[in-house]
Amino acid sequence: MAVTPGNTKLGRLIWCWSLPTLAIVCIGATELCKKLCYAMKGFFRMPSVKDAHYNNYELSLEEEFPQYVSMALSEVFARVVRVHVSGDFYDEAYVRKWLQIVRRRPYIAFYAYTRSWRIPEMLPALKELAKEPNFFMWWSCDRDTGAPPRTKYARRAYLMENDDDVAPYKVDLVFRDKSTTVMKYDPKGNQVCPYDNGVTRTTCSQCKLCFERNPLPRKKAMQVLSLIHI
């Protein structure tokens, strides 16, 4: 499988790299993460997809992995890459291989959501990767993770199981497991992913919030209220 074109959510601009959703890969997963994981459902359960993701994992163990992926991205003229539609950063050596790739291809925007920040020995390498100017790092979190570390090089993306599942700490963006109701902002004024808000028709390629440096919108009314309470 190697690098693949974007799916219906990602759109045409974005290329993907994925790994299997195994315990040895998703090392920072919480019980809620495992319960809601989209990469354990539907298309991802097809034998051909599972085999391809496992082949990617084996390839990622190779010393030549950075060269291979760098070449593959150049061959498809990639400009934006979603790292891990499924899977995650599973050890420090693997993170540092991605660091090589990102530095080899400075004209490509890379972005990823990771719960591996929860593993203390992983955090220094992840922060180093996040500092690269063409890498957009998101600390994935949910009600079971606790608050991710604050750093100007990474933002927080919170997964809501339902409309009442509001982050108890500051986050930058909200994803929803179900989009049966309309919610553009959570009760604290944080923007809900436009694809997940229940009304906006878009793709990640059109939205671009997750791989641009622009500040994320917040609901103005909530900002006013927060100023009143200071």
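Residues numbered from 1 in each chain as written. Predicted model: local features only at pLDDT ≥ 70, side-chain atom pairs only at ≥ 80, totals over all residues. Heavy atoms only, no water.

Draft legend 1. Layout of the nonpolar core. By size, the foremost hydrophobic cluster in this structure holds 44 residues, and its most contacted members are Phe 89, Trp 98 and Phe 110. Only β2 (14–17), α3 (65–75), β3 (80–83), α4 (92–104), β4 (109–114), α5 (123–130), β5 (135–141) and β6 (154–160) provide two or more residues apiece to this core. Per-element tally for this core: the top contributor is α4, with six residues. Among all residues touching Trp 98, those that are not within four sequence positions of it are Trp 17, Phe 65, Val 69, Val 83, His 84, Phe 89, Phe 110 and Leu 129. Within the second largest apolar cluster, 23 residues are counted, among which are Ile 14, Cys 16, Trp 138 and Leu 209. (Core = buried A, V, L, I, M, F, W, Y, C linked by side-chain atoms within 4.5 Å. Buried < 20%, exposed > 50% of the residue type's maximum accessible area, 1.4 Å probe, protein only. Helix = DSSP H or I, 4+ residues; strand = E, 2+ residues; numbered from the N terminus. Contact = heavy atoms within 4.5 Å.)

Draft legend 2. Examining α3 more closely. Taken residue by residue, α3 has Phe 65, Pro 66, Val 69, Ser 70, Ala 72 and Leu 73 as its buried positions. Take α3 and look down its axis: the buried residues cluster within an arc of 165°, on one side only. Those residues of α3 hidden inside the fold are in contact with β2, α2 (47–60), β3, α4 and β4. Positioned one or two residues after α3, Phe 77 has a phi angle of 55°, which is positive. (Arc of directions from axis to C-beta.)

Draft legend 3. Layout of the packing of aromatic side chains. Evaluated as defined, the whole model comprises 14 aromatic pairs. Each residue in the set Trp 17, Tyr 54, Tyr 57, Phe 65, Phe 89, Tyr 90, Tyr 94, Trp 98 and Phe 110 is aromatic and connected to the rest through ring pairs, giving one cluster. The ring of Phe 136 carries the charged tip of Arg 213 above its face, separated from the ring centre by 4.0 Å. (Phe/Tyr/Trp six-rings, centres within 6.5 Å; stacked < 30°, edge-to-face > 60°. Lys NZ or Arg CZ within 6 Å of the ring centre and 35° of its normal.)

Draft legend 4. Molecular detail of the sheet that holds strand β7 (residues 173–176). Spatial ordering of the open sheet is given by β1-β2-β3-β4-β5-β6-β7, a layout of seven strands whose pairing is mixed. Here the strands that pair on one side only, and so sit at the sheet edges, are β1 (4–5) and β7. Here β3 runs beside β4; their pairing, made up of three bridges, is parallel. In the strand pairing of β4, Arg 82 is matched with Tyr 111. (Pairing = 2+ DSSP bridges.)

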